[in-house]
Every structure is written in structure tokens, then in C-alpha cells.
Amino acid sequence: TGIKINSIKQPHQNYRTRVQVQIRDEVGPDVFEMHSSWIDLFEGFLAPAPVTIFTPDSIRVNFYPIVRESFIRDGKVFALPIRIDGLALYYNEDILRAAGVEVPKSWQELLETSSKLTVKDETGVIKTAGVSLGTTTNVDYWPDILGLLLLQQPGVDLNALASPTTEEVLKFYTSFVTDPTRKSWDSTFPSSLNMFVQGRLAFYFGPYEAADKIRSLNPNLNFKVAPTPQLAGQNISWGSFWAEAVSVRSKYPDASWDFVKYLTSEEVVSYLGGPVARVDLAQGVLNDPIAGAFVSQGSFFKGWFLSSNTFDNGINDEMIKVWEVAVNEVLGGRETSSVIQRI
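Nothing here was measured: the structure is a model prediction, and the numbers come from that model.

Cut-offs used in this document
- Residues numbered from 1 in each chain as written.
- Predicted model: local features only at pLDDT ≥ 70, side-chain atom pairs only at ≥ 80, totals over all residues.
- Heavy atoms only, no water.
- Salt bridge = Lys/Arg side-chain N within 4 Å of Asp/Glu carboxyl O.
- Helix = DSSP H or I, 4+ residues; strand = E, 2+ residues; numbered from the N terminus.
- Buried < 20%, exposed > 50% of the residue type's maximum accessible area, 1.4 Å probe, protein only.
- Contact = heavy atoms within 4.5 Å.
- Phe/Tyr/Trp six-rings, centres within 6.5 Å; stacked < 30°, edge-to-face > 60°.
- Polar contact = N/O pair within 3.5 Å; in protein donor to acceptor, adjacent residues only side chain to side chain.
- Axes fitted to C-alpha atoms, helices over the stretch in contact; angles between N-to-C directions.
- Parallel < 35°, antiparallel > 145°, perpendicular 65-115°, else oblique.
- Core = buried A, V, L, I, M, F, W, Y, C linked by side-chain atoms within 4.5 Å.
- Pairing = 2+ DSSP bridges.
- Left-handed = near helix turned anticlockwise from the far one by under 90°.

A word on the pattern of salt bridges
Line of reasoning, step 1. Inspection of every chain in the model, using the stated rule, returns 16 salt bridges.
Line of reasoning, step 2. A salt bridge links Asp212 to Arg215; the nearest nitrogen and oxygen atoms lie 3.3 Å apart. In this pair, Asp212 and Arg215 both sit in helix H9 (residues 210-217), three residues apart, roughly one turn of the helix.
Line of reasoning, step 3. Each of the salt bridges in this network shares a partner with another, and the network as a whole consists of Glu93, Asp94, Arg97 and Lys224.

What to know about helix H5 (residues 107-117)
Line of reasoning, step 1. By the burial criterion, the buried members of H5 are Trp107, Leu110, Leu111, Thr113, Ser114 and Leu117.
Line of reasoning, step 2. Tucked inside the fold, the buried residues of H5 contact helix H4 (93-99), strand S6 (119-120), strand S7 (126-131), helix H6 (142-152), helix H7 (164-178) and strand S8 (201-206).

A closer look at the packing of aromatic side chains
Line of reasoning, step 1. Taken as a whole and assessed by the stated rule, the structure comprises 18 aromatic pairs.
Line of reasoning, step 2. For the pair Phe42 and Phe45, a centre-to-centre distance of 5.8 Å together with 70 degrees between the ring planes defines the contact as edge-to-face. The two residues Phe42 and Phe45 agree in class, both being buried.
Line of reasoning, step 3. Chaining the aromatic ring pairs together yields one cluster made of Tyr15, Phe32, Trp38, Phe42, Phe45 and Trp242.

Considerations on the environment of Asp186
Line of reasoning, step 1. Within the fold, Asp186 resides in the loop between H7 and helix H8 (192-197).
Line of reasoning, step 2. Sequence separation between Asp186 and Leu133 is 53 residues; the distance between their C-alpha atoms is 8.8 Å.
Line of reasoning, step 3. Here the side chain of Asp186 touches Lys183 through a polar contact of 3.0 Å, side chain to side chain.

Structural notes on the packing of H6 against helix H13 (residues 315-331)
Line of reasoning, step 1. Where H6 contacts H13, the axes come no closer than 11 Å and their chain directions differ by 85 degrees. Compared by their axis directions, H6 and H13 come out roughly perpendicular. Between H6, through Trp142, Pro143, Leu146 and Leu150, and H13, the contact on the second element is made entirely by Ile320, Trp323, Glu324 and Val327.

Regarding the nonpolar core
Line of reasoning, step 1. The biggest cluster of nonpolar side chains holds 66 residues, and the ones touching the most others in it are Tyr90 and Trp323.
Line of reasoning, step 2. Sort the elements by how many residues they give to this core and H6 lands first, with seven residues.
Line of reasoning, step 3. Not counting residues up to four positions away in its chain, the partners in contact with Trp323 are Trp142, Leu146, Leu150, Leu161, Thr166, Leu170, Leu306, Ile340 and Ile343.
Line of reasoning, step 4. Core analysis: the second largest hydrophobic core is formed by 43 residues, Tyr15, Phe78, Trp257 and Val276 among them.

Some points on the sheet that holds S7
Hydrogen bonds between backbone groups are what pair the strands of a sheet, and the pairing can be parallel or antiparallel.
Line of reasoning, step 1. On the basis of which strands lie adjacent, the open sheet formed by five strands has the order S6-S7-S8-S5-S9 and mixed pairing. In the strand order of this sheet, the two ends are held by S6 and strand S9 (223-226), each with one partner.
Line of reasoning, step 2. Note: strand S5 (residues 88-92) against S8, four bridges, orientation antiparallel. Residue pairing across strands places Ala88 opposite Gly206, the latter belonging to S8.

What about the packing of H7 against H13?
Line of reasoning, step 1. The N-to-C vectors of H7 and H13 enclose an angle of 55 degrees; their axes lie 10 Å apart at closest approach. Overall, the two elements H7 and H13 adopt an arrangement that is oblique. The interaxial crossing formed by H7 with H13 has right-handed handedness. Only Trp323, Ala326, Val327, Val330 and Leu331 of H13 make contact with H7, whose side of the interface consists of Thr166, Leu170, Tyr173, Thr174, Val177 and Thr178.

Things to note about unusual backbone geometry
Line of reasoning, step 1. For Tyr141, which is not glycine, the phi dihedral falls at a positive 60 degrees.
Line of reasoning, step 2. Here Tyr141 shows up in the loop between S7 and H6.
Line of reasoning, step 3. Judged by relative accessible area, which is 10%, Tyr141 ranks as buried.
Line of reasoning, step 4. Phi at Asn313 takes a positive value of approximately 50 degrees, unusual for a residue other than glycine.
Line of reasoning, step 5. Along the polypeptide, Asn313 turns up in the loop between strand S12 (301-302) and H13.

Structure below.
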């Protein structure tokens, strides 16, 4: 009672640094959105939830594991999402049906299926691409895809990336352009989103929001969404999403956390829909043709510092720059073994 909420939409560019400067200067918001990879970047900027509102145990019960991995530190809750998000595999149902192939569940199946669906003309030029992988210039969310591959690859040490196992990931990703037996993509193509909406791409990796972009660009495209491919014997998918946090400089921290509690309540989350972050609401979303694929991966989403579109001028953007150079050097003909030593 007596509390007025003023919502301000902020531009993406330099968002992270602007919020931090505002908090330091005590002119920042009480409640703001932060990315799932930012908890360490925001050390000292966040007011933890009062235990009367949220406890780690309540988060374990009601939210997916990646939520507690992202936002619980030292037994305190620092942020909560309304939705989870990450990568899923969008596919053109007409292309798959015409070829009589199933949606791939493993990377080996994706390799075989994308090869089968890649159509070339008599000169060898690709007209319909099987899958958009291998470049940095025209593959949407390529950093997230690489992040997924790194998390899935057995033996990869994220704290010591210059290794043969990391090299395998780089070699695999670029092989969809460099290996004649796998080639299904080319750096001369339009963006993977444009290829997909034109009906010239069978498989497209993207987050939940990609569905709206696809529908707006081609309302008649017959597409569906499936979980990302896996390696044998494991379940790991890529999580990257936003959550509500409270400023350490807020004059109303309890009221702010009450507001976060309301935003992440069953009532509001159900109303907003999409890939809900609450486990207790997942069952009602699993059959959704778009959100269902994301929620079905919720229990095994993992995250790291190769998240697209955080605009953080920090660890994500810096990591993306490093891998952009690496991928482009391999595409330029440099040996993966020498490239990987500089990561």
C-alpha cells in the first residue's frame, strides 16, 4: 500500500555498465533485470532476498536447478527469473516431411540428417542448407551454440580451454563449412534467420524469442521446435535468460523483493506464459509447440560466458571476441591446434 511502481524500458547498449554506475551513484532502479551469467559481475551491487520472502530451499523446490546455480550465493537468493530460456532446435517441418526424416536427437543424427537435407545445384552451390553452423558472420547465436558444445564435450575444462578436447569442439563447429563431406553452410549466405524464414534452411538454433521473429517475417512458415541435440548418455542444454534483481542501494529493499515475489508468482508467471521458470507450472507448458521444447530442457540447462545479446561490455562480450577470432582463423585456413593455443 502506498507504493507506486514506475517501469522504465532501457536500451540494450551498455546496459550492464549503465545500471552499475546508476547504483553506485544512488540514482539507479530498485528492481532491474540481470542476465543469468552476471552474478559475479554484480557482487556488491545486489540486495539479497529477505529469508521471510525467499530461501534457497524454496528456490530448490519451485525453480529449475539453473536458477539456483545462477542466483544463489552464500546461502542467499540474489535474483529470480519469470522465464527460462536458452537454445532449442527450430526445424522446417515441410522439409523434413518431404525427405521422410525424423527430428535428430543426437549430434550424429543431426550430421546425417543435415547432410541428407542439404540440396546443391549442378555446380555444387547449396540451395537448401541442412543446418546453420560453422561461421560467426551469419549464424545467429553462434556463441551460444559453441557454449553448448563446450559444456557437452567430455573433458573440456572451462578454466583451461587450450586443450585437445576444446580443439575438437572448434573443429566440429567449423566442419559444417570446411569439411566437404559435412558442408551444409556457407559464409556467403544471408543470416541463418533469413535463410530459415525463406524456407531454405532445415535446422536453426535459437532462443524462445526467435519464434516471434520467424512468425513476423513469414507467418506461413511451417516450423516446430525441439530440444537441442545431445551426445550419447548425457543431457546438457544451453541456458541463457534474464531475472529480476534488487539494488543494494534501494531505499525499499523489502518492498522491492515483495514485487519480485509477485512477478515470479504462479499467478503472474502463468498469465505471462512462455517457457516458465517455475517447475510447478512446467506440466502445463510441455505441450506448447514452442515453449514446450525449452521447458523440457529446463532440468538440464547449464550456462556459461558465451551468451549472445547481453551487451555487457564484460565477460560475455570479451569471450565472444576471443572465439570469433578463433573460428575466423580456422575458416581462413589456420590449423585448429595452433588456434586453440591462443584461447
